Amino acid sequence: MGLVLLCVIWLITIASTYFFIAKTWWLPAGASAATAAIDHQFIVTFILMGVIFVAAQFALGYFVWRYRGEPSASRADYSHGNLTLEIIWTTLTAILFIGLNLVGSPIWAAERFRPAADNATRVEVTGMQFAWYFRYPGPDGKFGIAKPELEDPSAGGEAALGLDPSDPASKDDVVTGIMEVPVNREVEVILRAHDVIHSFFVPAMRFKQDAVPGLAIHMHFTPTETGDFEIACAELCGLGHYKMHGMLKVVSQDEFDKWLAAREAEKQ
Amino acid sequence: MASFTPTVPAHHPTTSRGKRADLPPVAGGGDGGRPDPGSPDYGGRLRRARLGMAVALTPIAMLFVAFTSAYIVRQGLPTFDPNTNKVVHDWIPVPLPTILFLINTCVLLLSSVTIEFARRQLARQVALEPVQSIPGVSLGRERKFPWLALTIVLGFSFLGGQWLAWSDLAERGFYVATGPSSSFVYLLTGTHAVHLFGGIIALLVAGLSVVLNRPLPSRRIVVDVTAWYWHFMALLWIYILALLEFAH
Amino acid sequence: MVAQESHAHSAPQGFIRKYVFSLDHKVIGLQYYFLALTAVFVGMALSLLMRIHLIWPMAILPLLGEIKPETYLSLVTMHGTIMVFFVLTTAPQGGFGNYFLPIQIGAPDMAFPVLNMLSFWTTFLAYLVMLAAFFVVGGAPLHGWTGYAPLSALQSAGPGEGLGADLWITSIALFCVASLMGALNFITTTLDMRARGMSMWRMPLTCWSWFITAILGLLAFGVLLSAGILLLMDRNIGTSFFVPLGTVNGQLTGHKGGSPLLWQHLFWFFGHPEVYIAILPGMGVASQVLSTFSRKPIFGYKAMVYAMLSIGLLGFMVWGHHMFMSGMSPYSAFAFSVMTMAIGVPSAIKTFNWLGTLHKGRIRFHSPMLFAIGFVSLFVSGGLSGPFLAQPALDIPLHDTAFVPGHFHLIMGVAAIFGIFAATYYWFPKMFGRMMNERLARIHFFFTLIGTYAVFMPMHYLGLAGQPRRYSQLTELKYLHPLLPLNTFMTYAAIITVAAQLIFLFNLFWSMFKGPKASDNPWEATTLEWTTATPPPHDNFAGRTPVVNNGPYEYSVPGAPRDYVMQTDPATVAAH
């Protein structure tokens, strides 16, 4: 039985570890400035935890085989423990775990402690059951007033967001169902929600943030490659949660300017 | 007929909170010296009941800690106002019926005093019970002031007074859902009132146990732990009142 | 709680007093256990339906027909709620704790037997109210076991968010009250009713785990109750604790100014200690069983106690790690993340000590031991995915993906369950006077160990690839399509693993009536429950109070006549 347990535990360990190392299923290709740091911290954590995982499981499997009790065997080792060992491995574990955390904390600080750059592309991202809307402030650089009582989701676009037509600042706001941004320039997203909590998740950008009703949350990321990247909702928001997806299109600055200008023109 | 306090036999199955194995069993069930009034392990039961009450008060305290943190968070909460695209605070304190609350506070504190007298009265009764049953011994006819009944009356008065306070708030247009501050006023005072009512039920049970002739030590235990509960309710009320009056 | 004459109450007569409204902690323990047993099969059935729907979303199932997205989400909600509350918070503590705490400390019963009886029946009532949510108009709620507002606070936010959600909250509130009553009993009993010689430092680690779990419950459930009260108020009388100004489908909700984050703070302040409530008793049982079947004292008994105390204490300081993406201050996130890594340290100590117990032991591979060994393996696997989630920067890609259920299922959904299995196989002889079948137990063990790894380890891969949680279908997002084969594999593994539990069920009930009769101490164990008759008499020790002279894990003491010294045996030379 000891040998069987060893084999089962070791095989499970080897199989699990194989798929991690082979990256059979892995983080999608990252296309943002944050990718390098996050992915690197990921690998570091992964290696450390992986080593502990393999060591602990192998030790477990080995011990249950090596110390199997034959009926005629002498007694087990009468030991209540070893204080020195306890102190050593407690200290090492504490240094490892907390150290790992502290080493990775500048990444979090870089993402979250500072506000967006002044020249960032500003997009207001609004989640509602069950769609994402994106609003650009237009040439005046200001977002117009949007009121809950004016919201009409069935009409789409400006009406879905409840834009107040009497506010001059909202006249040039562009509302779209697809998020288009220029590459290599910081994007500031202002996250809002109308009804329940949603979450704006773009795996390729290594970006996620909950959109909370009653709050306007400012975050930023910087896309570094052009392409189309799927947006998923990552906070349970009701029966349509699974199909509340969007698309982030990252294009060159020229294309973005042309696209935005075209959207502005449509409003006339 | 006389009933002498029986000495506890050495092999009596009492528990002893893990005392050292080589000590002889303590008479009276290890209750710390309290005279055994004829019921096995009375001292142990009293100690256990008090420990249980101390433990029970902890989650009640946690309930109000949670409400307090919700109160403080909500007070300071900025919320996005779409009309101005700005973040605003919308907390408007409720003008409280302070006089009424203060009168109620006095009633409750008075009831704390009366229940404390009830508790001590009953403790004395229980201690003297074995003496009183000795033929030929008389301690005189004890006048027993109805402290327990008075506490129940005061408790109901407090609840009545709270009802008046809520009516006053309602008359001035502050209902539960009128605004965040009024919600909390009703929530905190209402939850406290529910818990106090539970204490009144316990006192009624204790009072009923007199009528039903339950043994004195059991009655004493009920009144004792209820008294501690009651004092906690009084302190809790003072805390709630202070929170509502000063923390806004 | 009131007017109990003494603990030497005579055994009750009559079916109702003996088996229904019994005051005997052993009967109450079994009542909790069997409640959890029905709940776990309900929970497993719900999860099978979920897994089947994920890979065959258009399937028309017998009796249920097509599973709509809202139905899927109500399955998710009820699966989580029933498993966390009515299985993991019920069987280890209410079941085994109730049965064995008094016996292991040498007491004739719990401190407050009437309260104990009430706490079971309140739990049972809570269970009925929870199940009722399936059958009302709108059905069971769809807001997840975490019940985030405003989704849970607005009746219009989805099907099932009407009466179903109110019943869900009411059930949880009742459960809070029942748990608090139970915690009161556990704490008072442990502090006040230990037998002569049973100091706190001679208690078995199971007793320590139940004691610490009860303290966690005492402090946490009141906060959950408060959150539930506020939520009921928001839903039904128009207050706005959690709901800000907003609309659902274009209609103003009538609320303003509330904070959805307030719900999350209150919920997780309870929710994090709750997961330690779920795992600590399993850790206690693992220690007990590993020591017994290695024929060795537990390695580092005091360290084990301090580790459990640290886990309990730190468990109250880490709740924000569920909220890194919530909009909470990033500085708070940093603080919570450091505390969360810190809590990995006592968990690691316990793992080292379990390995240390096995080291140089003389291992006997009876069924309880298999599950205890499985517990250690699963605890390592589930625990090590924690440090990924504990770092906010890494939580950015991983939060609300399948990585999270992979982590907590390995720990709660499997390791804690293995703790329950280990306890069942270990204490079955004492509770029922018969032995369970070892061959069936081994088949059950291997199917379950391999099966659960096959279901839950892949969730980590799916999470890395970005598969979000709580999606009723994986058909809409293109990047999810390549993940369907792995999901299919997991579903088949789940079906097989759930089927294997029927082996356990059969073994349990068959052995109760037809198993070979058990001796008083079939495992040659040292703790007090093995000194008394099998099954124990009504007052546990037939009128004799045990006197304790030894620590709980005196195995293989040099010079002793047998390789185990019971706690009531004369003091050994090396006694603690």
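Each value, and the rule that gives it
- Residues numbered from 1 in each chain as written.
- Chains lettered and ligands numbered in written order.
- Predicted model: local features only at pLDDT ≥ 70, side-chain atom pairs only at ≥ 80, totals over all residues.
- Heavy atoms only, no water.
- Helix = DSSP H or I, 4+ residues; strand = E, 2+ residues; numbered from the N terminus.
- Buried < 20%, exposed > 50% of the residue type's maximum accessible area, 1.4 Å probe, protein only.
- Areas by Shrake-Rupley, 256 points an atom, 1.4 Å probe, with all protein chains shown as cover.
- Lys, Arg positive; Asp, Glu negative; His and termini not counted.
- Charge placed at Lys NZ, Arg CZ, Asp CG, Glu CD.
- Core = buried A, V, L, I, M, F, W, Y, C linked by side-chain atoms within 4.5 Å.
- Domains from an automatic or database assignment.
- Contact = heavy atoms within 4.5 Å.
- Buried area = accessible area lost by both parts, 1.4 Å probe.
- Salt bridge = Lys/Arg side-chain N within 4 Å of Asp/Glu carboxyl O.
- Polar contact = N/O pair within 3.5 Å; in protein donor to acceptor, adjacent residues only side chain to side chain.
- Phe/Tyr/Trp six-rings, centres within 6.5 Å; stacked < 30°, edge-to-face > 60°.
- Lys NZ or Arg CZ within 6 Å of the ring centre and 35° of its normal.
- Expected span 1.5 Å × (residues − 1).
- Pairing = 2+ DSSP bridges.
- Axes fitted to C-alpha atoms, helices over the stretch in contact; angles between N-to-C directions.
- Left-handed = near helix turned anticlockwise from the far one by under 90°.
- Nonpolar A, V, L, I, M, F, W, Y, C, P; charged D, E, K, R; others polar.

### Notes on the overall build of chain A
Link 1 in the chain: Each helix and strand counted, chain A has five helices and ten strands in total.
Link 2 in the chain: Taking the principal axes of the C-alpha coordinates as reference, chain A spans close to 95 × 35 × 35 Å.
Link 3 in the chain: Expressed as a percentage of its 268 residues, the buried residues of chain A come to 54%.
Link 4 in the chain: On chain A, roughly 11,000 Å² of surface is accessible, and the fraction owed to carbon and sulfur atoms is 64%.
Link 5 in the chain: Between the mean site of the 20 positive side-chain charges and the mean site of the 30 negative ones, chain A shows a separation of 5 Å.

### Examining the nonpolar core
Link 1 in the chain: The biggest cluster of nonpolar side chains holds 345 residues, and the ones touching the most others in it are Met 179, Val 189, Phe 200 and Leu 248 of chain A together with Trp 208, Trp 354 and Trp 427 of chain C.
Link 2 in the chain: Counting residues domain by domain, this core receives three or more from each of domain 1 (2-68 + 81-112) and domain 2 (121-267) of chain A.
Link 3 in the chain: Apart from the residues lying within four places of it in its own chain, the contact partners of Leu 248 of chain A are Met 179, Val 181, Val 202, Met 205, Phe 221, Gly 227, Asp 228, Phe 229 and Ile 231 of chain A.
Link 4 in the chain: Within the second largest apolar cluster, seven residues are counted, among which are Tyr 133, Ala 160, Leu 161 and Leu 163 of chain A.

### Some thoughts on the domain arrangement of chain A
Residue and element names in this part refer to chain A.
Link 1 in the chain: What the domain assignment lists for chain A is domain 1 (2-68 + 81-112) and domain 2 (121-267).
Link 2 in the chain: Distance from the C-alpha centre of domain 1 to the C-alpha centre of domain 2: 38 Å.
Link 3 in the chain: Each partner contributes to the interface: domain 1 provides 13 residues, whereas domain 2 provides 13 residues.
Link 4 in the chain: Counting the surface domain 1 buries against domain 2, the share from its top three residues, Ala 31, Ser 32 and Arg 112, is 48%.
Link 5 in the chain: Its salt-bridge partner being Arg 206, residue Asp 39 comes within 2.8 Å of it at the nearest N-O pair.
Link 6 in the chain: Viewed at the interface, domain 2 and domain 1 are joined by ten residue pairs in polar contact (both at pLDDT 80 or more).
Link 7 in the chain: For the side of domain 1 that touches domain 2, the elements supplying multiple residues, two or more each, are α2 (35-66) and α3 (83-112).

### Observations concerning the interface of chain C and chain A
Link 1 in the chain: With 116 residues of chain C in contact, the opposing surface of chain A contributes 94 residues.
Link 2 in the chain: Roughly 9,100 Å² of surface becomes buried between chain C and chain A when both sides are summed, with 71% attributable to carbon and sulfur atoms.
Link 3 in the chain: Its largest share of buried area at the contact with chain A, chain C owes to Ile 396, Tyr 461 and Leu 464 of chain C, together 8% of the area lost on that side.
Link 4 in the chain: Applying the counting rule to chain C against chain A returns zero salt bridges.
Link 5 in the chain: Counting every contact that joins chain C to chain A gives 33 residue pairs in polar contact (both at pLDDT 80 or more).
Link 6 in the chain: No other element matches the 16 residues that helix α10 (residues 330-358) of chain C contributes to the side of chain C that touches chain A.

### Here's the deal with the packing of aromatic side chains
Link 1 in the chain: Taken as a whole, this structure holds 88 aromatic pairs over all chains when the rule is applied.
Link 2 in the chain: With centroids separated by 6.0 Å and ring planes inclined at 85°, the aromatic side chains of Phe 64 of chain B and Phe 67 of chain B adopt a geometry described as edge-to-face. In this pair, Phe 64 of chain B and Phe 67 of chain B are both assigned in helix α1 (residues 42-76), three residues apart and thus about one turn of the helix distant. Assigned by exposure class, Phe 64 of chain B and Phe 67 of chain B land together as buried.
Link 3 in the chain: Measuring from ring centre to ring centre gives 4.8 Å for Phe 421 of chain C and Phe 504 of chain C, while their planes differ by 70°; the resulting arrangement is edge-to-face. Of the two residues, Phe 421 of chain C sits in helix α14 (residues 403-432) while Phe 504 of chain C sits in helix α16 (residues 484-514), which places them 83 residues apart along the sequence.
Link 4 in the chain: With relative accessibility at 8%, the residue Phe 421 of chain C sits in the buried group.
Link 5 in the chain: Given the relative accessible area of 4%, Phe 504 of chain C is considered buried.
Link 6 in the chain: Its guanidinium or amino end placed over the ring of Phe 201 of chain A, Lys 208 of chain A lies 3.9 Å from that ring's centre, counting from NZ or CZ.
Link 7 in the chain: Above the face of the Tyr 564 of chain C ring, Arg 562 of chain C is positioned so that its terminal group lies 4.4 Å from the ring centre.

### Description of α10 of chain C
Residue and element names in this part refer to chain C.
Link 1 in the chain: Over its 29 residues, α10 extends 43 Å from the first C-alpha to the last, a length consistent with the 42 Å expected when each residue adds 1.5 Å.
Link 2 in the chain: Most of α10 sits out of view: 22 of its 29 residues are buried.
Link 3 in the chain: For α10, the capping residue at the N-terminal end is Ser 329, with a side-chain oxygen 3.1 Å from the backbone nitrogen of Tyr 331.
Link 4 in the chain: At the C-terminal side of α10, Lys 360 shows a positive phi close to 60°.

### A short note on the side chain of Glu 111 of chain A
Residues and elements named next belong to chain A.
Link 1 in the chain: Topologically, Glu 111 is positioned in helix α3.
Link 2 in the chain: An unpaired buried charge is present at Glu 111: no salt bridge exists, and Arg 112, the closest side chain of opposite charge, is 5.9 Å distant.
Link 3 in the chain: If we skip the residues at most four places from it in the chain, Glu 111 touches Ala 34 and His 220.

### Considerations on the sheet that holds strand β2 (residues 131-136) of chain A
Residues and elements named next belong to chain A.
Link 1 in the chain: Taken in spatial order, the five strands make up an open sheet running β3-β2-β1-β5-β8, and their pairing is mixed. The sheet terminates laterally at β3 (174-176) and β8 (217-221), the two strands that pair on one side only. Averaged over all pairs of adjacent strands, the angle between strand axes in this sheet comes to 25°, irrespective of strand direction.
Link 2 in the chain: Alignment of strand β1 (residues 121-128) against strand β5 (residues 187-193), held across seven bridges, turns out to be parallel. The residue of β5 that forms the bridge with Glu 124 is Ile 190.
Link 3 in the chain: Sheet strands in contact with helix α5 (residues 253-266) are β1, β2 and β3, and its direction is about 105° off that of β3.

### Description of the packing of α10 of chain C against helix α11 (residues 367-384) of chain C
Think of two packed helices as two axes; the pair is described by the angle between the axes and how far apart they sit.
Residue and element names in this part refer to chain C.
Link 1 in the chain: For the pair α10 and α11, the least separation of the axes is 11 Å and the interaxial angle reads 145°. Like other packed secondary-structure pairs, α10 and α11 cross with a definite hand, here left-handed. Contacts between α10 and α11 involve Ser 347, Thr 351, Trp 354 and Leu 358 from the first element and Met 369, Phe 375, Val 376, Phe 379 and Val 380 from the second.
Link 2 in the chain: In terms of residue class, the contact of α10 with α11 is built from seven nonpolar, two polar and no charged.

### Some points on the environment of Phe 175 of chain C
All names here are of chain C.
Link 1 in the chain: Within the secondary structure layout, Phe 175 lies in helix α6 (residues 163-192).
Link 2 in the chain: The buried category is assigned to Phe 175, whose relative accessible area is 3%.
Link 3 in the chain: Sequence separation between Phe 175 and Leu 125 is 50 residues; the distance between their C-alpha atoms is 8.5 Å.
Link 4 in the chain: With near-sequence residues (within four places) excluded, Phe 175 lies in contact with Phe 85, Phe 86, Thr 89, Thr 90, Thr 123, Ala 126 and Phe 221.

### Thoughts on unusual backbone geometry
Excluding glycine, most residues fall at negative phi; most peptide bonds, likewise, are trans.
Link 1 in the chain: Between Ala 149 of chain C and Pro 150 of chain C the backbone carries a cis peptide bond, its omega angle lying at 0°.
Link 2 in the chain: Mapped onto the secondary structure, Pro 150 of chain C falls in the loop between α5 (113-132) and α6.
Link 3 in the chain: Omega for the peptide link from Thr 534 of chain C to Pro 535 of chain C comes to -10°, which places this bond in the cis form.
Link 4 in the chain: Within the fold, Pro 535 of chain C resides in the segment after α16.
Link 5 in the chain: Located in the positive-phi region is Arg 206 of chain A, a residue other than glycine, with phi close to 50°.
Link 6 in the chain: Mapped onto the elements, Arg 206 of chain A comes out in the loop between β6 (198-202) and β7 (207-211).

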